[in-house]
Amino acid sequence: MAYLLPSEFVTKMVDAGESKIFMSTRDTIIRAYMAGAILALAAVFAVTASVQTGYPLIGAILFPVGFVMLYLLGFDLLTGVFVLTPLALIDKRPGVTVKGILRNWGLVFVGNFLGAFTVAVFMAIVFTFGFAAEPDKVGTIIAGIGEKRTLGYAEFGAAGMLTVFIRAVMCNWMVSTGVVGAMISTSVSGKVIAMWMPIMVFFAMGFEHSIVNMFLFPSALIMGGNFSIMDYLIWNELPVVLGNLVGGLAFTGLTLYSTHIKTAPKRSMR
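Residues numbered from 1 in each chain as written. Predicted model: local features only at pLDDT ≥ 70, side-chain atom pairs only at ≥ 80, totals over all residues. Heavy atoms only, no water.

As recorded in an unreviewed UniProt entry, the protein goes by Formate/nitrite transporter family protein and comes from Methylobacillus methanolivorans. Quoted verbatim from the Sequence similarities (unreviewed entry) field of the UniProt record, the comment on the protein reads "Belongs to the FNT transporter (TC 1.A.16) family." Recorded under Subcellular location (unreviewed entry), the UniProt text for the protein is reproduced unchanged: "Membrane". (UniProt positions renumbered as here; feature names shortened; annotations may be inferred.)

A. Representation of the environment of Pro 135 in the model. Of note, Pro 135 is situated in the loop between helix H6 (98-127) and helix H7 (137-148). As a C-alpha pair, Pro 135 and Ala 124 span eleven residues in sequence and 7.8 Å in three-dimensional space. (Helix = DSSP H or I, 4+ residues; strand = E, 2+ residues; numbered from the N terminus.)

B. Here's a closer look at unusual backbone geometry. Even without glycine at this site, Lys 92 takes up a positive phi of about 60°. Following the sequence through the fold, Lys 92 ends up in the loop between helix H5 (78-90) and H6. The class for Lys 92 is exposed, based on a relative accessible area of 72%. In this structure, Phe 131 is a non-glycine residue whose phi angle is positive, near 65°. Examined against the element boundaries, Phe 131 turns out to sit in the loop between H6 and H7. Note on Phe 131: relative accessible area 47%, which makes it partly exposed. (Buried < 20%, exposed > 50% of the residue type's maximum accessible area, 1.4 Å probe, protein only.)

C. Up close: the packing of helix H2 (residues 25-53) against H7. Interhelical geometry of H2 versus H7 gives an angle of 115° and a closest axis separation of 10 Å. For the element pair H2 / H7, the angle class is roughly perpendicular. As for the relative orientation of H2 and H7, their crossing is right-handed in sense. Residues Val 47, Thr 48 and Val 51 of H2 form the contact with H7, whose participating residues are Lys 137, Val 138, Ile 141 and Ile 142. Split into classes, the residues belonging to the contact of H2 with H7 amount to five nonpolar, one polar and one charged. (Axes fitted to C-alpha atoms, helices over the stretch in contact; angles between N-to-C directions. Parallel < 35°, antiparallel > 145°, perpendicular 65-115°, else oblique. Left-handed = near helix turned anticlockwise from the far one by under 90°. Contact = heavy atoms within 4.5 Å. Nonpolar A, V, L, I, M, F, W, Y, C, P; charged D, E, K, R; others polar.)

D. Representation of the packing of aromatic side chains in the model. Inspection of every chain in the model, using the stated rule, returns nine aromatic pairs. Plain terms: the ring middles of Phe 67 and Tyr 71 are 4.7 Å apart, the flat faces sit at 45° to each other, and that makes the pair tilted. A residue pair is termed a helical-turn pair when its members lie 3 or 4 positions apart in one helix, as Phe 67 and Tyr 71 do in helix H4 (residues 64-72) at four residues. On the accessibility criterion, Tyr 71 (16% relative accessible area) is buried. (Phe/Tyr/Trp six-rings, centres within 6.5 Å; stacked < 30°, edge-to-face > 60°.)

E. Spatial organisation of the pattern of salt bridges. For the structure on display, the rule yields six salt bridges. Arg 26 serves as the salt-bridge partner of Asp 27, at 2.9 Å between the closest nitrogen and oxygen. For Asp 27, a relative accessible area of 21% puts it in the partly exposed group. A relative accessible area of 60% places Arg 26 in the exposed class. Between Arg 149 and Glu 208 there is a salt bridge, and its shortest N-O distance comes to 3.6 Å. In this pair, Arg 149 is assigned in the loop between H7 and helix H8 (151-154) and Glu 208 in the loop between helix H10 (188-204) and helix H11 (210-222), connecting sequence segments 59 residues apart. There is no split in this pair, since Arg 149 and Glu 208 are both buried. Among the charged side chains, a salt-bridge network with shared partners connects Asp 15, Glu 18, Asp 91 and Arg 93. (Salt bridge = Lys/Arg side-chain N within 4 Å of Asp/Glu carboxyl O.)

F. Region of the structure containing the environment of Arg 31. If you trace the backbone, Arg 31 turns up in helix H2. Looking at Arg 31, the relative accessible area reads 31%, which means it is partly exposed. For the pair Arg 31 and Lys 92, spaced 61 residues apart in sequence, the C-alpha separation works out to 26 Å.

Rendered as structure tokens:
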């Protein structure tokens with residue numbers, strides 16, 4: 001499997017974060033667009049498999065195929081750059097600034113949304129036979145997810161907002177672990193295995209992923225979901241983006257960096 005030691009793959013994380021900050025606007029948007037589109041297709045695939053088999057776990061087992069594809073192709077998700085780019089700043093890499101990090105996040109957000117939205121439109125056409133019929137079974141379920149994860153949270157007020165935030169934190173704890181998994185091995189099979197496990201956990205647990213939601217909610221709205229754009233933004237996308245940032249950076253990026261790069265002095269036996 002060609003496993004790398006933690007100190008080696010964490011250094012690769014910092015290197016990757018630095019390279020993304022200095023990437024051209026064109027390349028950043030293209031890579032983010034393709035990542036959003038591929039992850040959206042994987043979400044459709046997972047929901048379809050769950051509906052066809054009647055077992056949601058099947059969808060969770062299959063969903064990581066999209067994540068694996070996009071990272072092997074070198075594309076970028078917002079949830080990934082949330083973890084990697086701040087490490088380059090903390091490591092004091094030359095030329096890395098907060099402005100550069102925020103620029104990268106903004107471009108990746110736009111690219112991810114455009115890619116996911118493209119697939120949302122395409123799949124809405126497929127689900128409704130070009131808007132000539134009511135959504136099929138998969139489309140109806142996706143529309144229901146949109147309502148449940150907006151109005152369902154809003155029903156509980158502040159407690160609902162706390163719930164969506166924590167589900168987003170736990171989501172990117174797992175997803176960012178998958179991002180790291182792509183760097184743990186130098187072989188394709190090793191990368192796939194290391195990425196697959198945490199992504200399967202996140203999807204099976206129903207945690208909140210901002211880019212997957214960029215597909216689910218616009219798709220549901222296009223097909224007549226009973227919630228508004230403001231419901232989607234306030235009760236899902238915005239708190240989920242914030243939760244994804246906290247979860248990935250706090251529980252994956254900073255913990256790995258602090259213990260494998262900035263290792264504390266060894267204890268003296270005297």
